[in-house]
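# Structural description and commentary
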Amino acid sequence: MNKTIIALSLLAANGAMAAELPDFLDQSEIDNAQFKCLGEPVTYSKADQKYVDMLWDETLTYLKAYAVALTNGENSHCLNSDEAIIDSTQGGQKMCIMDRRDMKLMVKNIYQVINNADKAKQCFGAREDVNWIYNPGGELTKNSPVAQHFKRTTFDKFFKTKVTNKDVQKLGKTFTKNFAKMVTGDEVKMPSAFPYDISANALPNLWAAAGWFPMYAEESKRNDKNFNNIRGGYAYAEIFGHWGLLRIDEINGEKVGAEVGMTVQSVDTLYPYHNHAISEIYYNMRVPACSNEFKSFAVRADSPLLTTVKEDDKMRRVQFDAAQHNGHTQWLAGSYKQDPLMYFHQNTIHAFEVDGSCEAKPEERAIVSVWARSNAHDKRNDYGTTLLCESAKNPGTPANKDEVIQCDLTHLKW
C-alpha cells in the first residue's frame, strides 16, 4: 500500500484534515485555495445542519478514495496512475489515465476541496429543493437519517406521475423495488485501487440522499432511440459538479470541469451506443455472476473502423458495422477485478451490455459504477448532452448489436 493510500485511509473519517498530495500536484496551488460557488451558499438551521454535516463527511470520504484510486499505479505499469481501457475494438487499447491533462486537473480540484474542506463546504448543500432529482426510497432511505430528514420525491412517485409509457412505468416499478439490493450486499465490491469502501455498504447517507435522476425515463425525442428496459432501469447521481451537491464554479480563478457521482444499470439491458463531447470515466463496482456478464464497447472517434457518411459545420455523422463477422470480439468483459476502469475520450462511441442469464435473481442485480466527467465546464461542446446513436437502416430507432449503427459526433472546440 503506497503512502498516499495510507495517509488517506487514516484521514477517511476526518474531512477537516489535509491529505498528502500525488507528486505531480503543486502544493502552492492546493494550499489556501479560493472557491467561487455556482449559486449562492445555502444557510441551514441548526437542526438541518446536523444532517448536512453527515452528508458532507461522506462526500469527502467518497472524493478522497476516488482521487487515490485514479493516482494509484501499484496495479499497473503506470506511474502515479491507474490504467484504463480507452477502446475495446481491435483487441482493446489502454492508457495510464493520469497521462490526460483533464484528469490531472480533476484530481487537483478534488485535493483542493479535501485540503480546504471548510472553505469548499460553502458550495455544498443537500439540494432538497431541486425538483428533478429523486430519492430511490425503500431500504436505502430506512438506513439513512439524512434521506429521511431531507424529503425528495421518491422513485415510486416519479415513475407513476412523470412517466407515461406503461412498459417503462412497469420496469421502473421493478427497478425501484430492488434498487437497494442492487447497490448493497456482497456483490458490490471496490476495485483494488481504492483505499477503502465507498459503496452504499459504507456510505449509506450519500447513496440514499445524493439525489438520483432516471435520466431516460420521461418521454423525449432522444428516447425514441432508446430501449424501454434502459429507460426504466437506469439512474445516476452527481455528488461533485454543476448538477450535484458540491457545486463549484471556479477554484483559484480557474473553471472546474469535474463531475463525480455514481450510476446504476439493471441487468439484462443494453445501454445504447452513444457519444458526447465531454470525456467520461467509469469504475466498475460489481462482482459478476459469470465471466462475461458485464461487457463494454468503445471506439475512438478517429478509429479506421468508422466511416464518415455526412459532415457539416456542426457535426460529423459516422457509421460502424456492429454486425461484422468478428463483432463480438469488439466488446470487452470487465468487473470490479478485471479491467474495472474505463476512460472515454471526447466523442468516443460507447455502450454497455449486462447479461442477466447467469444471475439467480436478475431483477435484484445491476452494474454499479463510480462515474465522472472531467471537462464538463466547456459549454461549447454539447455540455450536459448525451447523444444516442441510431440504427442506420431505420434512423430514429435504437441500434442493436447486430446491425450498422449511426452516430453524430460533435465538432470539438478548444
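What comes next is a walk through the structure. Keep in mind it's a predicted model, so treat the numbers as computed, not measured. (Residues numbered from 1 in each chain as written. Predicted model: local features only at pLDDT ≥ 70, side-chain atom pairs only at ≥ 80, totals over all residues. Heavy atoms only, no water.)

## Focus: the overall build of the protein
Scanning the protein from N- to C-terminus turns up 11 helices and 20 strands. Taking 2.2 N^0.38 as the reference for a compact globule, 414 residues should give roughly 22 Å; the C-alpha atoms of the protein span a radius of gyration of 20 Å, in line with that estimate. In terms of principal-axis extent, the alpha carbons of the protein reach across some 60 × 45 × 40 Å. A buried classification covers 59% of the 414 residues belonging to the protein. Within the protein, contacts between residues separated by at least 24 positions form 79% of all contacts whose residues are at least 6 apart in sequence. Surface accessibility of the protein: about 17000 Å² in total, with carbon and sulfur atoms responsible for 48%. Put simply, the protein has 47 plus and 53 minus side-chain charges, and the middle of one group is 5 Å from the middle of the other. (Helix = DSSP H or I, 4+ residues; strand = E, 2+ residues; numbered from the N terminus. Rg over C-alpha atoms; globule rule 2.2 N^0.38 Å. Buried < 20%, exposed > 50% of the residue type's maximum accessible area, 1.4 Å probe, protein only. Contact = heavy atoms within 4.5 Å. Areas by Shrake-Rupley, 256 points an atom, 1.4 Å probe, with all protein chains shown as cover. Lys, Arg positive; Asp, Glu negative; His and termini not counted. Charge placed at Lys NZ, Arg CZ, Asp CG, Glu CD.)

## Brief notes about the environment of asparagine 375
With respect to the helices and strands, the residue asparagine 375 is situated in the loop between β17 (366-373) and β18 (387-388). Judged by its relative accessible area of 11%, asparagine 375 is buried. Spatially, the C-alpha atom of asparagine 375 lies 8.6 Å from that of methionine 103, the residues being 272 residues apart in sequence. Beyond its immediate sequence surroundings of up to four residues, asparagine 375 is in contact with Asp102, Gly257, Ile278, Ser279 and Gln346. Separated by 3.1 Å, the side chain of asparagine 375 and the backbone nitrogen of serine 279 make a polar contact. (Polar contact = N/O pair within 3.5 Å; in protein donor to acceptor, adjacent residues only side chain to side chain.)

## Some points on helix α9 (residues 166-183)
In this model α9 runs 25 Å from its N-terminal to its C-terminal C-alpha over 18 residues, within 8% of the 26 Å that 1.5 Å per residue would give. Every buried residue belonging to α9 is among Val168, Gln169, Gly172, Phe175, Thr176, Asn178, Phe179, Ala180, Met182 and Val183, and all of these are buried. The N-cap residue of α9 is asparagine 165: its side-chain oxygen and the backbone nitrogen of aspartate 167 are 2.9 Å apart. Of the residues trailing α9, glycine 185 is marked for its positive phi of about 95 degrees. (Expected span 1.5 Å × (residues − 1).)

## Overview of the sheet that holds strand β13 (residues 315-321)
Read across the sheet, 4 strands follow the order β12-β13-β20-β19 without closing on themselves; strand pairing throughout is antiparallel. The two strands at the open ends of the sheet, each matched to only one other strand, are β12 (307-311) and β19 (390-391). In terms of strand pairing, β13 meets strand β20 (residues 404-410) through 7 bridges, oriented antiparallel. Looking across to β20, one finds that aspartate 321 is bridged to valine 404. (Pairing = 2+ DSSP bridges.)

## Remarks on the sheet that holds β18
Read across the open sheet, the 5 strands follow the order β14-β11-β16-β9-β18; overall the sheet is antiparallel. Each of the sheet's edge strands pairs with one partner strand only, and the pair in question is β14 (331-333) and β18. Bridge analysis of strand β9 (residues 269-275) against strand β16 (residues 349-354) gives 4 bridges, and the strand direction is antiparallel. The residue of β16 that forms the bridge with tyrosine 271 is phenylalanine 352.

## A few points about the side chain of aspartate 102
If you trace the backbone, aspartate 102 turns up in helix α4 (residues 101-114). A distance of 2.3 Å separates the side chain of aspartate 102 from the side chain of serine 374, its partner in a polar contact. Apart from the residues lying within four places of it in its own chain, the contact partners of aspartate 102 are Ser279, Tyr343, Ser374 and Asn375.

## Topic: the state of the cysteines
Here the structure, examined in full by the defined rule, presents 4 disulfides. Disulfide partner of cysteine 37: cysteine 123, at an S-S distance of 2.1 Å. Its S-S torsion of approximately -80 degrees makes the covalent link between cysteine 37 and cysteine 123 left-handed. Of the two residues, cysteine 37 sits in strand β1 (residues 35-37) while cysteine 123 sits in the loop between α5 (117-120) and α6 (138-142), which places them 86 residues apart along the sequence. Neither residue differs from the other here; cysteine 37 and cysteine 123 are each classed as buried. (Disulfide = S-S within 2.5 Å.)

## Concerning the nonpolar core
Residues Tyr62, Tyr66, Leu70, Ile97, Trp207 and Phe240 are the most contacted members of the largest nonpolar core, which totals 106 residues. Top contributing element to this core by residue count: helix α3 (residues 46-70), with 13 residues. Residue contacts for phenylalanine 240: discarding those within four places in its chain leaves Leu63, Ile110, Val113, Leu246, Ile248, Val256, Ala258, Glu259 and Val260. Ranked by size, the runner-up nonpolar core spans 18 residues in total, among them Val318, Trp331, Ala351 and Ala399. (Core = buried A, V, L, I, M, F, W, Y, C linked by side-chain atoms within 4.5 Å.)

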